[in-house]
Amino acid sequence: MSRRPFLRRLFPSTSLSVMVTGFWVLMSDSFTLGQILLGMLLGVVVPLFAARLDREFARIGSLRPLPKLICVTLWDILVSNIRVAVQVLGPERRIHPGFIWLPLDIANIHGIAVLTSMITLTPGTVSAALSDDRRHLLVHVLHLDDPDALIRQIKSRYEAPLMEIFP
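Everything numeric in this text was worked out from a predicted model, so none of it was measured.

1. Details of the layout of surface pockets
Point 1. In this structure, the largest pocket spans a volume of roughly 470 Å³.
Point 2. For the largest pocket, the lining is made up of 24 residues, of which S80, R83, T125, L150 and Q153 are closest to its centre.
Point 3. Of all the secondary structure elements, the ones that give two or more residues to the lining of the largest pocket are α4 (66–89) and α6 (147–165).
Point 4. Tallying contributions element by element places α4 first for the lining of the largest pocket, with seven residues.
Point 5. For the lining of the largest pocket, the per-class residue count stands at twelve nonpolar, seven polar and five charged.

2. Quick notes on the pattern of salt bridges
Two side chains carrying opposite charge are able to pair once their charged atoms lie near each other.
Point 1. One pass over the structure, following the stated rule, counts three salt bridges.
Point 2. With a shortest N-O distance of 2.7 Å, D76 and R157 are connected by a salt bridge. In this pair, D76 is assigned in helix α4 and R157 in helix α6, connecting sequence segments 81 residues apart.
Point 3. Its relative accessible area of 28% is what places R157 among the partly exposed residues.
Point 4. What emerges from the salt-bridge pattern is a single network uniting D105, K155 and E159.

3. Points about the nonpolar core
Among soluble globular proteins, nonpolar side chains are generally buried collectively.
Point 1. The biggest cluster of nonpolar side chains holds 21 residues, and the ones touching the most others in it are L102 and L115.
Point 2. The set of elements that each furnish at least two residues to this core consists of α4, β1 (98–103), α5 (109–121), β3 (136–141) and α6.
Point 3. If one sorts the elements of this core by residue count, α6 sits on top with six residues.
Point 4. Residues contacting L102, with those up to four places away along its chain left out, are L115, I119, R135, H136, L137, V139, I151, I154 and K155.

The rules behind each value
- Residues numbered from 1 in each chain as written.
- Predicted model: local features only at pLDDT ≥ 70, side-chain atom pairs only at ≥ 80, totals over all residues.
- Heavy atoms only, no water.
- 1 Å grid on protein atoms, 1.4 Å probe; cavity = no way out; pocket = protein on both sides within 12 Å on 5 of 7 lines; lining within 4 Å.
- Points joined across faces, edges and corners; volume = space filled by probe spheres on them.
- Helix = DSSP H or I, 4+ residues; strand = E, 2+ residues; numbered from the N terminus.
- Nonpolar A, V, L, I, M, F, W, Y, C, P; charged D, E, K, R; others polar.
- Salt bridge = Lys/Arg side-chain N within 4 Å of Asp/Glu carboxyl O.
- Buried < 20%, exposed > 50% of the residue type's maximum accessible area, 1.4 Å probe, protein only.
- Core = buried A, V, L, I, M, F, W, Y, C linked by side-chain atoms within 4.5 Å.
- Contact = heavy atoms within 4.5 Å.

Given below as structure tokens:
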């Protein structure tokens, strides 16, 4: 097992150390030697504790699908706004709300977060819950005709491109 160099262990994130020190001095509104030294001490201590947190960093794959994904999402938001307006202004008996469990192929938590945001941004759908194992997403739908078709649509229009962006 290789050991990290001493300086790397002491300063796990140099940028965070500099930011903590800078923010401390700015927040204290006092540019005395004591405040600067205290800021430097915090700049050493805070990143040491932050490095111990279990963080999952975003891995970015290909950004090639991003422009099309943005256009698809904007189009879906526009169409869904019109569809929801027609449903809400029409007879109530024509609305059939429901829940679906969307099986997820995407495993990257950042990709899942973007997917849930895209679903919630689209009128008529809301991401309600993520299973503990991150394999299923509970989605509420204002008008649910064909659950399987909706699952296929979400997976092809949103999840597949996101899996390229967030491998």
